[in-house]
Structures are given as C-alpha cells and as structure tokens.
Amino acid sequence: MKTAALLAHPAGHSGSPAMHNAAFEALGIEARYEAWDIPSDGLADALTRLRDPSILGANISLPHKHAVLELADVVQEDAATIGATNVLVKRDGQLEARNSDAVGFMRSLTEAGVAPRGAAAVVLGAGGAAHAVVHALNRAGARSVKIINRTPSKTAALTGRVGGQSATWDALDARAVDVWVNATTVGMAGGAGEGESPIPTGILMAAPKHATVVDIVYAPRVTPLLETARSAGLNTVDGTGMLVHQGAVAFEWWTGKEAPVAVMRTALDGFLRSQA
Ligand code: ATR
C-alpha cells in the first residue's frame, strides 16, 4: 500500500483526500491519500518522511507553499515562476517541487470551452492563486492580461514575476474585456469578503455578452460574482473546475495514469456538499 500525503496546517478542511481516494479506488491503485497536519517547525522532518519508498507523492498547502521550494531537491519551472509549489513529485529518488495550479486552471477553461488565445483578460487579485492564473493566461497567448488588486505594491510584485500589466477600475473599458478571473478570496464563505463581489455590478452589466467570468472561489459554488454574471447573461466558470483539475494533474504526475476526472469531481461535489 502506497501513501500520498497533504502537508498543511491546519489540514482538516481539504477536499483532496476525497478526490484522490476516489481516484485510487476507481483505477484499482493500492494507495491511500492522507492529510498530515504539519506545523512549520515540523516541515523538514515531514519531507524526510516523504523520501520513504512507500510514499507516492504529496500535495503542499498553506503555510508551506513557499518554504518547500527551498527544501526540495529540484524545482520545476512553473513552480519557480509562480513562486509557490502545491505538488511534490518523486523522481529518481529526488523530491521535485511542482505547481499544478496554472495547468489545472487552463484545463478548467478548456473543459468549459473557453480559449484565452488572443483574449483580453482581467485578473482580480495578486496573491498566490493570481500568480498561477496570470502565468497560465500569458502562456495560453492572451492578448493582454490586466491585474487589479486592492494593494498596488502586490500587483507590482506579481507583474515583475509573471508578467501582465497593472490596471485600475477607472482606466478600464469593460466593453473590451473577454475574460474576467476572480483570484481574490472575495465571496468566499467564512472569509472577510463573504457575500461580496470583487467586480462592481455596473461594470459587469457593461460587459459584452460573449465575455466569460471565472471565479476561483469554490465555496459557495455560485458566488455573488457568478450570480451577477449569470443575471447579466455572461458565460461563467466556477471554482470547482480549477480545484478538480489541479488535483487531476497532481494525480497524473504521481501515478503516470490519466486521472478519472469525473470520479474526482463527484467525490469533490460530495465533500463540498457535506461542508456547506
Ligand atoms: P491565495 O493564495 O488564495 O491567492 P492570498 O495570497 O492571501 O491567497 O491572496 C488573496 C488575494 O485576495 C489578495 O490579492 C488580496 O488582496 P491584497 O493583496 O490587497 O491583500 C485579495 N483580497 C482578499 N480580501 C479582499 C477584499 N476584501 N477586497 C479586495 N481584495 C481582497
């Protein structure tokens, strides 16, 4: 029996065990996924445990996404560019820090029929998730990627690292935006911005009907932003897409097998319903 582990602190509220255990079972892989609650002072020891041959790989979540970059033997290009890792892969006895968020985000767009090539995109937020989203949109050939964030210094750090241009609401023409992505935590259940939308309603109402609004917040599944976007007749993609696909990419890296995405999605839906 092999083990895949989530290293996080706290580690109790993740949907990853449900998704990955369902995927292992569906493919008949003798493995289980465990959530390990690891405080920062236990991180180095946890990485030593991961070197045991019984360990298939790991997910890395808060607060370790940056620290593990320093402790891994190898850092994949995406993880280095984004400046964070969420997946550890074992290769030739080495621990490689990777990032599946950018690829997972792109797969969720593709699944929803959204092609960012040539699109004018606006990303809200400049945290870890925004880094992955901006990187993915740039790589997919978006014509422009504008970033709006509450704290301008963080926007500057993001554009310096992964590209895109800093923008403000005043200077933005919503009629010329094809893809909007909320990569802030605004709208998230239990967070400071619960019940709020990160895009002023008047701006969304001015969006052309072909525009797509993507929210990476997945709880609630239909955020106030997505509700407004739907009532404005816009195409929407909810945050479960990126969550499932970042997991599917990690699963493929660990097992070398195509992830059973539908199985993982059903398991995640069940988990999220149980948490609501
Ligand atoms: P993650 O790793 O999920 O991206 P994060 O790094 O904490 O999380 O980033 C959260 C993002 O949401 C940040 O861009 C944050 O804005 P600041 O850079 O100004 O902190 C944004 N955010 C959180 N709460 C917000 C709010 N109430 N209004 C606007 N932006 C908010």
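Every value quoted in this text rests on a predicted model; they were computed, and no experiment measured them. (Residues numbered from 1 in each chain as written. Predicted model: local features only at pLDDT ≥ 70, side-chain atom pairs only at ≥ 80, totals over all residues. Heavy atoms only, no water.)

Engineer: Can you break down the sheet that holds strand 4 (residues 74-75) residue by residue, with the values?
Structural biologist: The strand order 2-1-3-5-6-4 describes an open sheet built from six strands, whose pairing is mixed. Either end of the sheet is taken by a strand with one partner, and the two such strands are strand 2 (31-37) and strand 4. Where strand 3 (residues 55-60) lies against strand 5 (residues 87-91), three bridges are found, and the strand directions are antiparallel. Across the sheet, the residue bridging to Asn 59 is Val 87, located in strand 5. Across the sheet, helix 2 (residues 43-50) lies against strand 1 (2-8), strand 2, strand 3, strand 5 and strand 6 (94-98), angled at about 165 degrees from strand 1, the strand it touches most. (Pairing = 2+ DSSP bridges. Helix = DSSP H or I, 4+ residues; strand = E, 2+ residues; numbered from the N terminus. Contact = heavy atoms within 4.5 Å. Axes fitted to C-alpha atoms, helices over the stretch in contact; angles between N-to-C directions.)

Engineer: Report on the packing of helix 1 (residues 16-26) against helix 10 (residues 240-255), specifying residues and quantitative values.
Structural biologist: It is the contact of helix 1 with helix 10, at a shortest axis distance of 10 Å, that shows an interaxial angle of 50 degrees. Judged by the angle between their axes, helix 1 and helix 10 are oblique. The handedness of the crossing between helix 1 and helix 10 comes out as right-handed. Taking contact as the criterion, the partners of Met 19, His 20, Ala 23 and Phe 24 in helix 1 are, on helix 10, Leu 243, Val 244, Gln 246, Gly 247, Phe 251, Trp 254 and Thr 255. Considered class by class, the residues forming the contact of helix 1 with helix 10 number seven nonpolar, four polar and no charged. (Parallel < 35°, antiparallel > 145°, perpendicular 65-115°, else oblique. Left-handed = near helix turned anticlockwise from the far one by under 90°. Nonpolar A, V, L, I, M, F, W, Y, C, P; charged D, E, K, R; others polar.)

Engineer: Kindly report on the packing of helix 5 (residues 101-111) against helix 6 (residues 128-139), identifying the contributing residues and their values.
Structural biologist: Where helix 5 meets helix 6, the closest approach of the two axes is 8 Å, and the angle between their N-to-C directions is 60 degrees. It follows from the interaxial angle that helix 5 and helix 6 lie oblique. Seen from above, helix 5 lies across helix 6 with right-handed handedness. Facing helix 5, whose interface residues are Asp 101, Ala 102, Val 103, Phe 105, Met 106 and Leu 109, helix 6 presents Ala 132, Val 133, His 135, Ala 136, Leu 137 and Arg 139.

Engineer: Break down the pattern of salt bridges for me, with residues and values.
Structural biologist: Here the structure, examined in full by the defined rule, presents twelve salt bridges. Residue Arg 51 pairs with Asp 73 through a salt bridge whose shortest N-O separation is 2.9 Å. Taken together, the residues span a long stretch of sequence, with Arg 51 in the loop between helix 2 and strand 3 and Asp 73 in the loop between helix 3 (67-71) and strand 4 at a distance of 22 residues. When salt bridges that share partners are traced, they join Arg 91, Glu 96 and Arg 98 into one network. (Salt bridge = Lys/Arg side-chain N within 4 Å of Asp/Glu carboxyl O.)

Engineer: Describe the pairing of strand 6, and please don't skip the residues or the numbers.
Structural biologist: Counting buried residues along strand 6, four of its five residues qualify, which places the element largely inside the surrounding structure. Where strand 4 lies against strand 6, two bridges are found, and the strand directions are parallel. Residue pairing in the sheet places Val 74 in a bridge with Glu 96 of strand 6. Summarising the sheet, strand 5 and strand 6 pair through five bridges and their orientation is antiparallel. Counterpart to Arg 91 in the pairing with strand 6 is Gln 94. (Buried < 20%, exposed > 50% of the residue type's maximum accessible area, 1.4 Å probe, protein only.)

Engineer: Which residues make up the nonpolar core, and what are the values?
Structural biologist: In terms of nonpolar packing, the biggest core is built from 30 residues, with Phe 105, Val 123, Leu 137 and Val 181 touching the most fellow members. For this core, the secondary-structure elements that each account for two or more residues are helix 5, strand 7 (120-124), helix 6, strand 8 (144-148), helix 7 (152-162) and strand 10 (179-182). Here the element with the most residues in this core is helix 6; it accounts for six residues. Here Val 123 is in contact with Ala 130, Val 133, Val 134, Leu 137, Val 145, Lys 146, Ile 147, Ile 148, Val 181 and Ala 183, once residues within four sequence places are set aside. Among the nonpolar cores identified, the runner-up in size contains 24 residues, and Ala 248, Ala 250, Phe 251 and Trp 254 belong to it. (Core = buried A, V, L, I, M, F, W, Y, C linked by side-chain atoms within 4.5 Å.)

Engineer: Mind laying out the side chain of Thr 184, listing which residues take part and the relevant values?
Structural biologist: Along the chain, Thr 184 falls in the loop between strand 10 and helix 8 (201-205). A relative accessible area of 18% places Thr 184 in the buried class. Among the polar contacts listed, one links the side chain of Thr 184 to the side chain of Asn 182, at a separation of 2.7 Å. In contact with Thr 184, other than residues within four places in its own chain, are Leu 124, Gly 125, Pro 198 and Val 217. (Polar contact = N/O pair within 3.5 Å; in protein donor to acceptor, adjacent residues only side chain to side chain.)

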